[in-house]
Amino acid sequence: GALDGFFQRTNQPTRKETKNVTSYYSGHYESYGVNCQAITASDLGFLHFSVCAPGSTYDNVAFDHDEDLKSLVYSLPRGLYVVADAAYTLTESVLVPFTGAHRFDSASSLRLLERHQPEMLLSSTSVPTESAAQLITLRGSVENLDS
C-alpha cells in the first residue's frame, strides 16, 4: 500500500476544545486543521485512515502517535512493505525515496536497498493516498468516516 499524511482543514478550535490552539495551525497550509494518516491500496481503497494529530504535526511524528497504524505497518510479513514519501523514516516495513544529501547516507540504508531492490520509483508514492483523500473531500464526507 501507499502511506501518506493528509491535512484536513477545520475551523480554529477553541480553548475549551484544546489547551494548545496554535498546534492546529499549519503554516504550510496557512490554515487550522488536523493531520490524518492513511494507507491506500492500488484501487484507492483505504486500508487505514485516522485523524491522529493537530495540523502542525509532521507526518513522521503523526505516524508515531498512531498506534493502530504502526501496528498494521510493523506487523507486515517480511518482504511486504508500504511505500511512502520522504517525510517518513526508512524501515524494514516502510520504503521511502533516497533524495538529495540523504542518498546512501548510512550503511543500514544501503543494506535495506540491497535487500529489497524495489523496481519502482518511490517519488510518486503519495499519489494513491492523496487521490483517495481528494475523493473523500470532494464528497464532503471526511467527518463521516467510520472505521
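For the structure, see preceding data.
My aim in this report is to walk through the structure given alongside it, one point at a time. (Residues numbered from 1 in each chain as written. Predicted model: local features only at pLDDT ≥ 70, side-chain atom pairs only at ≥ 80, totals over all residues. Heavy atoms only, no water.)

**Describing the overall build of the protein**
For the record, the criterion: Helix and strand definitions here come from DSSP, where helices need a minimum of 4 consecutive H or I residues and strands a minimum of 2 consecutive E residues; each element is numbered from the N-terminal end. Pairs of residues are marked as contacts when any of their non-hydrogen atoms sit within 4.5 Å. What sets the accessible areas is the Shrake-Rupley method with a 1.4 Å probe; for residues, cover comes only from the shown protein chains.
The number of helices and strands found in the protein is four helices and six strands. Traced from its N-terminal end to its C-terminal end, the protein shows the element sequence β-β-β-β-α-α-β-β-α-α. Taking all contacts inside the protein whose residues are at least 6 apart in sequence as the whole, residues at least 24 apart take part in 50%. Accessible surface computed for the protein: about 9,100 Å², of which carbon and sulfur atoms make up 51%.

**Focus: helix H2 (residues 67-74)**
Just so we agree on the cut-off: Relative accessibility under 20% of the residue-type maximum defines a buried residue, over 50% an exposed one, and the middle range a partly exposed one, all with a 1.4 Å probe and only protein chains included. In this description, the arc belongs to the directions extending from the helix axis to the C-beta atoms.
All of the buried residues along H2 are Leu69, Lys70 and Val73. Summarising the axial view, the buried residues of H2 lie within an arc of 100°, below the 170-degree limit, and thus occupy one face. Opposite the packed face of H2, turned more than 90 degrees from it, sit the exposed residues Glu67 and Asp68. Residues of H2 that are buried sit in contact with strand E1 (2-9), strand E3 (31-40), strand E4 (46-54), helix H1 (59-65), strand E5 (82-84) and strand E6 (94-95).

**Here's the deal with the packing of aromatic side chains**
Heads up, the rule is: Stacked, edge-to-face and tilted are the three classes for Phe, Tyr and Trp ring pairs, Trp counted by its six-membered ring, which pair at centre distances within 6.5 Å; planes under 30 degrees apart are stacked, over 60 edge-to-face, the rest tilted.
A complete count under the given rule lists five aromatic pairs for this structure. Here phenylalanine 7 and tyrosine 29 contribute two aromatic rings whose centre-to-centre distance is 4.5 Å and whose plane-to-plane angle is 5°, an arrangement assigned as stacked. Within this pair, whereas phenylalanine 7 is found in strand E1, its partner tyrosine 29 is found in the loop between strand E2 (25-26) and E3, the two being separated by 22 residues in sequence. You can call phenylalanine 7 buried: its relative accessible area is 11%. Pairing phenylalanine 46 with phenylalanine 49 gives two aromatic rings, centres 5.2 Å apart and planes at 85°, and the pair type is edge-to-face. Clustering of aromatic rings is evident, with ring pairs tying together Phe63, Tyr74 and Tyr88.

**Comments concerning the pattern of salt bridges**
For clarity, the threshold we go by: Any Lys or Arg side-chain nitrogen found within 4 Å of a carboxyl oxygen on Asp or Glu counts as a salt bridge.
With the rule as written, the count across this model stands at one salt bridge. The residue glutamate 67 makes a salt bridge to lysine 70 at a minimum N-O spacing of 3.3 Å. Residue glutamate 67 and its partner lysine 70 are both found in helix H2; the two are separated by three residues, about one turn of the helix.

**Quick look at the environment of valine 51**
Mapped onto the elements, valine 51 comes out in strand E4. Remark: the alpha-carbon pair of valine 51 and glycine 5, spanning 46 residues in sequence, is separated by 9.7 Å. Dropping the residues within four chain positions of it, valine 51 is found in contact with Val34, Asn35 and Cys36.

**Here we look at the pairing of E3**
Formally: Strands were regarded as paired on the criterion that DSSP finds at least two bridges between them.
Burial of E3 is extensive: ten of the ten residues sit out of reach of the surface. Where E1 and E3 come together, eight bridges link them in antiparallel fashion. Its bridge partner being in E3, leucine 3 is matched across the sheet by isoleucine 39. As judged from the two bridges shared by E2 and E3, these two strands associate in the antiparallel manner. Bridge pairing in E3 links tyrosine 25 to tyrosine 32. Taken together, E2 and the strand that follows it, E3, pair antiparallel across an intervening segment of four residues, in which glutamate 30 is found at a positive phi of about 50°. With seven bridges connecting them, E3 and E4 associate as antiparallel partners. Bridge assignment links asparagine 35 to a residue of E4, and that residue is alanine 53. Here E3 folds back onto E4, and the loop between the two strands holds five residues, one of which, leucine 44, carries a positive phi near 70°.

Everything listed here is a matter of coordinates, which is why it stays silent on function.
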